[in-house]
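As a plain string of letters, each chain reads:
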Amino acid sequence: MSEAHGTGANGPIVVLTGAGISKESGLDTFRDKGGIWEKVSIEEVATPEAFQANPERVQQFYNDRRRQLTQDRPEPNAGHTALARLAREWPGEVLVVTQNIDDLHERAGQDNLIHMHGELRKARCTDCAAVVAWDDDLAPATGCPHCDTGTLRPHVVWFGEMPFQMERIFDALQRCGLFISVGTSGSVYPAAGFVQEVLRGGRARTVELNLEPSDGSVLFHESRHGPASEVVPAFVDDLLAGRIEL
Ligand code: BV8
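Residue positions are given per chain, counted from 1 along the sequence in the order it is written. Only residues with pLDDT of at least 70 are given local features in this predicted model, and only at 80 or more are side-chain atom pairs given and counted; all residues enter the totals for whole chains, interfaces and linings. To get the side-chain values, all heavy atoms of the structure are used, and hydrogens and water are removed first.

Let's shift gears to the overall build of the protein. Secondary structure elements are taken from DSSP: a helix is a run of H or I of four residues or more, a strand is a run of E of two residues or more, and numbering for both begins at the N terminus. Check the secondary structure of the protein and you find ten helices and nine strands. For this measure, only C-alpha atoms enter the radius of gyration; the expected value for a globule follows 2.2 Å times N^0.38, where N is the number of residues. Radius of gyration (C-alpha) of the protein: 18 Å, near the 18 Å computed for a compact globule of 246 residues. Projected onto the principal axes, the alpha-carbon positions of the protein cover approximately 55 × 35 × 30 Å. When burial is assessed residue by residue, the protein has 52% of its 246 residues classed as buried. A sequence separation of at least 24 residues applies to 64% of the contacts in the protein between residues at least 6 apart. Exposure was quantified through the Shrake-Rupley algorithm and a 1.4 Å probe, taking into account, for residues, occlusion by the shown protein chains and nothing else. Of the roughly 11000 Å² that the protein leaves accessible, carbon and sulfur atoms contribute 50%. Charge-centre separation for the protein: the mean point of 23 positive side chains lies 1 Å from the mean point of 36 negative side chains. Each residue gets one of three labels from its accessible area relative to the maximum for its type: buried under 20%, exposed over 50%, partly exposed in between, using a 1.4 Å probe on protein chains only. Throughout, a contact is declared for two residues whenever any of their heavy atoms are within 4.5 Å. Under the counting rule used here, the positive set is Lys and Arg, the negative set is Asp and Glu, and His together with the chain ends is not counted. Charged groups are reduced to one reference atom each: NZ for lysine, CZ for arginine, CG for aspartic acid, CD for glutamic acid.

Below, the structure written as structure tokens:
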């Protein structure tokens, strides 16, 4: 593979991941059959208004998912480990932007990583905004260990809240030479609009690796459909072997 492929001249590779990459690790997706939003509604558990109206219900929703992460200890799958290998072996920058709030990318060794929708194993003070690692249940009265006056909420982005590190993400999208979307239905914004942002730059190649075509499939130069544990390692092999024209 010519060095030109991986140099900064092409900008970073940006990878957007969604719940589909964690599915084979045993974590539910949101909109598939049997998914999370089939069992509970967004308005009930994933908006600031829901938290205001019924904090116990919202805390319980995240306590259940945090326990699944900390007690069942799902393992990263071959999709996660292939992205970590890409970041290690690719001669240029690889940035993974995940919509997921699980810690499977970290546990696969991914370090240049942005959790744009927050993290299930962190809590944030509603008063002083301190963010703390948190593996236990949260109750509406759980106090902040920093300011002693505030209480803790899940450090996740609810609908109607601004996702994290948007400036850094858009900067990378505008510079990138390759945009890969993995395991996401492309139904939640602003993440679902990232591929259009990349296409506006006019240079980058866009690739979708998903179990089935997403809402935005037509916007990708290439799509490979199948489980992440198969299609992601195969694509990373092709990329590292110089078989993908950038
Ligand atoms: C914002 C964290 C603006 C919490 C999540 C009205 C009011 C306000 C905003 C809006 C509004 N109307 C619309 C909006 C915008 C809204 C939005 O997009 N709504 C949608 C429903 C239309 N977006 C927002 O509100 C965002 N904020 O706009 O702020 C703003 C501006 C100024 C100032 C302040 C604010 C915030 C959105 C973030 C919400 N939080 N999660 C939590 O996890 O509980 S979103 C939630 O959906 C998850 O994070 C999830 O990651 C995300 C996207 O879902 P996917 O990851 O794609 O999962 P999904 O199940 O949908 O798809 C799975 C895919 O995997 C499928 O395609 C499937 O085929 C595939 N798959 C399955 N198995 C496999 C597989 N692929 C590979 N291998 C497999 N084995």
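Right, picking up where we left off after that structure.
Our focus in this paragraph is the site of the ligand. The local shell around the ligand holds 33 residues, among which Phe30, Arg31, Gly160, Thr184 and Ser185 are the closest. Contact distances for the ligand include 3.0 Å between an oxygen atom and a side-chain N or O atom of asparagine 210. Here the ligand, which alone exposes 1500 Å², has 76% of that area covered by the protein. Taken together, the residues of the shell around the ligand break down into 14 nonpolar, twelve polar and seven charged. Here a residue counts as near a molecule or strand whenever at least one of its heavy atoms sits within 4 Å of it. N or O atoms within 3.5 Å of each other form a polar contact, as long as, within protein, one can give a hydrogen and the other can take it, and as long as residues adjacent in sequence are counted only when both atoms are side-chain atoms. When residues are sorted by character, Ala, Val, Leu, Ile, Met, Phe, Trp, Tyr, Cys and Pro go into the nonpolar class, Asp, Glu, Lys and Arg into the charged class, and all the rest, Gly among them, into the polar class.

Turning our eyes to something else, we now look at the pattern of salt bridges. Any carboxyl oxygen of Asp or Glu that lies within 4 Å of a side-chain nitrogen of Lys or Arg is treated as forming a salt bridge with it. Evaluation of the coordinates by the stated rule reveals 18 salt bridges. Linking aspartate 237 and arginine 85 is a salt bridge whose minimum nitrogen-to-oxygen distance equals 2.6 Å. Of the two residues, aspartate 237 is situated in helix α10 (residues 228–240) and arginine 85 in helix α6 (residues 78–89); the sequence distance between them amounts to 152 residues. Under the relative-accessibility criterion, arginine 85 is labelled partly exposed at 22%. Ionic pairing is found between aspartate 103 and arginine 107, a salt bridge with its closest N-O pair at 3.9 Å. Using a relative accessible area of 9% as the deciding quantity, one classes aspartate 103 as buried. Residue classification places arginine 107 among the partly exposed positions, given a relative accessible area of 27%. A single network of salt bridges, built from pairs that share partners, joins Glu75, Asp103, Arg107, Arg121 and Asp135.

Bringing the sheet that holds strand β6 (residues 152–156) into the picture now. The pairing criterion is simple: DSSP has to find at least two bridges between the two strands. With antiparallel pairing, the three strands of this open sheet are ordered in space as β5-β4-β6. The open sheet terminates on both sides in strands that have one partner only, identified here as β5 (131–133) and β6. If you compare each strand with its neighbour and ignore which way they point, the axes differ by 45 degrees on average. Orientation is described by lines fitted to C-alpha atoms, with helices fitted over the stretch in contact, and by angles between N-to-C directions that extend from 0 to 180 degrees.

A few words on the sheet that holds strand β2 (residues 94–98). Strand order in this open sheet of six strands is β3-β2-β1-β7-β8-β9, and the pairing throughout is parallel. Sheet topology places β3 (113–115) and β9 (222–225) at the edges, where each strand pairs with a single neighbour. Within the sheet, the average angular offset between the axes of one strand and its neighbour, ignoring direction, is 15 degrees. Inspection of the sheet shows strand β1 (residues 13–17) paired to strand β7 (residues 178–182) by five bridges, in the parallel sense. Paired with threonine 17 across the strands is valine 182, a residue of β7. Where helix α8 (residues 166–175) meets the sheet, it contacts β1, β2, β3 and β7, and its direction lies at approximately 130 degrees from that of β2.

The element strand β4 (residues 118–125) is extensively covered by neighbouring structure, given that six of its eight residues are classed as buried. Pairing between β4 and β6: four bridges, direction antiparallel. Directly across from cysteine 125, in β6, lies its bridge partner leucine 152. Following β4, the chain reverses through five residues before pairing antiparallel with β5; alanine 129 in that reversal takes a positive phi of roughly 70 degrees.

The values are spatial; any link to function lies outside them.
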